[in-house]
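Descriptive structure summary
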Amino acid sequence: MVFMRFRPQLIFSSLPRSIPKPRTSPATTLAAAAAATSMAATSEDALRRALAEHQAAVDAQAEAVRALKAGGGASKADVDAAVEALKALKVEAGAAARRLQQAVGAGAGGAAREELRQAVVNTLERKLFYIPSFKIYRGVAGLYDYGPPGCRVKANVLSFWRQHFVLEENMLEVDCPCVTPEIVLKASGHVEKFTDLMVKDEKTGTCYRADHLLKDFCKEKLEKDLTLPQEKADEFKRVLAILDDLSAEELGAKIKEYGIIAPDTKNPLSDPYPFNLMFQTSIGPTGLSVGYMRPETAQGIFVNFKDLYYYNGQKLPFAAAQIGQAFRNEISPRQGLLRVREFTLAEIEHFVDPEDKSHPKFVDVADLEFLMFPRELQLSGESAKLMKLGDAVSKGTVNNETLGYFIGRVYLFLTRLGIDKGQLRFRQHLPNEMAHYAADCWDAEIECSYGWIECVGIADRSAYDLRAHSEKSGVPLVAHEKFSKPREVEKLVIVPSKKDLGLAFKGNQKMVVEALEAMSEKEALEMKSALETKGETSFKVCTLGKDVVITKKMVSIGMEKKLEHQRVFTPSVIEPSFGIGRIIYCLFEHSFYTRPSKSEEEQLNVFRFPPLVAPIKCTVFPLVKNQEFDAAAKVIAKALTTAGISHIIDTTAISIGRRYARTDEIGVPFAVTVDSTTNVTIRERDSKEQIRVDITEVASVVKQLTEGQSTWADVSAKYPAHVGPQGDQE
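Procedures and definitions
Residues numbered from 1 in each chain as written. Predicted model: local features only at pLDDT ≥ 70, side-chain atom pairs only at ≥ 80, totals over all residues. Heavy atoms only, no water. Helix = DSSP H or I, 4+ residues; strand = E, 2+ residues; numbered from the N terminus. Buried < 20%, exposed > 50% of the residue type's maximum accessible area, 1.4 Å probe, protein only. Contact = heavy atoms within 4.5 Å. Areas by Shrake-Rupley, 256 points an atom, 1.4 Å probe, with all protein chains shown as cover. UniProt positions renumbered as here; feature names shortened; annotations may be inferred. Core = buried A, V, L, I, M, F, W, Y, C linked by side-chain atoms within 4.5 Å. Salt bridge = Lys/Arg side-chain N within 4 Å of Asp/Glu carboxyl O. Pairing = 2+ DSSP bridges. Axes fitted to C-alpha atoms, helices over the stretch in contact; angles between N-to-C directions.

Take the overall build of the protein next. For the protein, the helix and strand inventory stands at 24 helices and 28 strands. Its C-alpha atoms give the protein principal-axis dimensions of roughly 100 × 95 × 55 Å. Residues classed as buried in the protein amount to 52% of the 730 residues present. In the protein, 70% of the contacts between residues at least 6 apart in sequence involve partners at least 24 apart. Surface accessibility of the protein: about 34,100 Å² in total, with carbon and sulfur atoms responsible for 53%.

This part is about the UniProt feature "domain: Aminoacyl-transfer RNA synthetases class-II family profile" (unreviewed entry) in the protein. As annotated by UniProt and renumbered to match this structure, "domain: Aminoacyl-transfer RNA synthetases class-II family profile" (unreviewed entry) occupies residues 118-596. With 36% helix and 30% strand, residues 118-596 has end C-alpha atoms that lie 18 Å from one another.

Glancing now at the nonpolar core. In this structure, Trp161, Phe413, Leu414, Phe426, Phe578 and Phe588 are the most contacted members of the largest nonpolar core, which totals 72 residues. Sequence-distant contacts of phenylalanine 578, defined by excluding residues within four places in its chain, comprise Trp161, Phe165, Thr344, Leu345, Ala346, Ile348, Val410, Phe413, Cys455, Val456 and Ile583. Val672, Ile695, Trp712 and Val715 belong to the second largest nonpolar core, which has 24 residues in total.

Per the stated rule, a full pass over the model turns up 38 salt bridges. In this structure, glutamate 169 engages lysine 361 in a salt bridge whose closest nitrogen and oxygen atoms are separated by 3.4 Å. Placement of the pair is glutamate 169 in the loop between α5 (148-167) and β3 (172-173) and lysine 361 in the loop between β11 (342-352) and β12 (369-373), with a sequence separation of 192 residues. By relative accessible area, glutamate 169 is classed as buried at 18%.

One open sheet accounts for five strands, arranged β25-β24-β26-β27-β28; its pairing is mixed. Sheet topology places β25 (647-649) and β28 (690-694) at the edges, where each strand pairs with a single neighbour. Each strand of the sheet is rotated relative to its neighbour by a mean of 25°, with strand direction disregarded. Looking at chain direction, strand β26 (residues 670-674) and strand β27 (residues 679-684) are connected through four bridges and run antiparallel. The residue bridging threonine 673 from the neighbouring strand is threonine 681, located in β27. Where helix α21 (residues 627-642) meets the sheet, it contacts β24 (618-622), β25, β26 and β27, and its direction lies at approximately 165° from that of β24.

Okay, here's the thing in structure tokens:
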């Protein structure tokens with residue numbers, strides 16, 4: 001249930017290095033440029049100062065040349081020498097400008113990121129991983145279709161998610177409707193608060209996201225204005241760092257201060273105002289019952305808590321999970337699969353006793369070490385640092401063990417999918433970014449060509465959600481802890497005098513009584529003190545929408561000792577929320593590389609998907625068109641089907657090398673080449689190594705490899721290598 005926006009950053013780390021990198025790979029170019037950018041970024045301030053000094057020297061020398069020429073008393077030799085000195089200073093200033101360009105990413109780094117993005121997107125669309133929806137009608141921004149290989153990658157990611165979380169943690173899975181009644185989303189706060197700040201072109205009415213315009217302005221200034229004073233550069237960096245913290249007033253003030261106008265028409269913009277991102281609909285033919293397409297899947301779990309708690313034997317902790325479509329009417333969707341209007345969420349609601357947020361399996365993840373970006377580092381302008389998860393929890397950087405446990409499990413999930421560890425970090429929400437009721441919140445952010453992208457939110461939402469639905473529905477969504485023997489406890493008792501309240505408020509008596517009974521302990525004690533000292537006090541009744549005067553005889557408030565057989569409480573919720581489309585797009589970029597063909601005249605695209613998520617696990621190629629080879633290929637294909645391994649047979653009349661290249665481009669990890677009726681070769685995609693295996697063992701070997709029971713090194717040691725004329729002819 002992620003309300004926040006992701007924030008791009010300016011520093012890029014290297015892409016995965018686990019495979020041999022060819023000379024002209026876009027991924028390699030990006031990695032090298034990103035590494036240089038990251039190193040240069042640490043000295044960006046010094047480079048700006050150096051450029052300013054060089055430019056000052058150029059200006060001073062230019063003035064000296066003008067003075068020599070205007071004075072008329074200088075010799076030609078003196079003037080020529082001064083001009084040569086000016087030229088030398090301009091060369092030095094130009095070199096300083098280029099160094100600064102590289103540091104801020106406006107040079108090779110930015111070009112490499114764009115090159116990578118275009119290569120990946122072109123390949124994905126050409127191979128039908130995904131395409132714009134309604135393409136023949138020119139499409140609709142923010143809507144995309146997954147094609148055959150894209151559907152399989154998505155299905156494999158979701159299958160692993162179920163295995164890694166639902167099965168491992170024995171979660172209760174539910175499937176709730178996408179259409180949600182308005183009352184549910186009023187209780188959750190979505191009707192009032194699920195908004196982004198929008199500005200309009202005052203002449204054309206075109207809408208823009210206010211924070212996007214401010215972010216783009218600051219980034220462009222930092223990357224392209226090389227004469228930017230140091231204090232101004234620091235200011236723009238600060239704005240980018242706190243972008244999610246800015247209120248509508250602060251955002252509007254910055255837009256006016258910087259003179260930001262509509263990018264398409266250059267017209268003035270309106271002040272920022274909230275725009276609700278939910279798609280509204282009606283339930284039933286009358287149109288009187290308002291509904292919304294759900295903006296998340298979590299509310300279906302919360303409203304079913306009572307039944308799920310009973311199903312679980314009335315025991316805590318327990319977790320419920322849901323995978324499903326969610327809908328957000330984005331103001332100006334861009335960045336492909338990263339910001340869309342319909343998308344797949346996978347969400348977990350882990351219900352836990354608020355007085356005990358320890359986790360018995362935290363020890364399993366405590367030694368994990370990865371990049372963490374706590375709020376202190378963000379606010380001081382530092383970068384993310386490697387931290388041990390156990391240390392982060394013990395020091396209080398992460399609020400509790402259960403939250404820490406899910407952070408660790410999310411890290412393992414993403415890295416096992418194929419996300420590069422060096423391009424994954426966990427960023428803590430800033431104070432104003434985090435909901436007031438949340439105890440702590442972290443985002444798993446993945447770096448791609450667009451910057452750092454929020455892909456998973458892991459939040460301790462306290463008891464807010466269950467309390468909100470309890471109050472709105474009148475159904476108590478609570479848990480019980482039964483005591484082995486009764487306990488004497490001192491409890492606050494609020495007893496409204498219905499007779500006196502009825503005389504004072506008549507028809508509104510019931511609402512006042514309910515409001516008094518629903519007071520928190522703190523509110524009740526404050527009222528008790530006021531009544532004892534003043535005899536009356538002002539009290540706000542939300543359902544009436546006004547304050548009323550409560551006198552001493554209208555309510556009795558006191559502490560009483562009681563014997564209790566159980567403790568009744570509202571559970572807290574730890575919520576990991578996964579944006580599946582964003583994870584998949586980052587996986588596409590992290591898995592992509594190119595390598596030269598045999599002729600070295602063209603570059604071949606490859607997706608190095610782990611077998612776990614590859615759209616097809618294996619291909620079967622008869623080496624030549626031959627009846628016996630075709631029959632053997634069918635036997636192998638039948639065995640692969642029986643073993644549950646997705647595969648394709650390719651009998652086209654093109655070279656085996658071209659067939660390899662064609663399946664490498666969609667990320668197939670293994671290829672079986674039938675060049676005999678008794679034993680065949682199995683080729684591994686990234687190393688291009690081959691082994692010879694008996695035809696009866698092919699399905700077993702491929703199954704072990706794709707399910708992770710064996711590695712390529714294991715089978716290479718067991719079976720003879722194949723080196724022959726067949727080879728790779730890409």
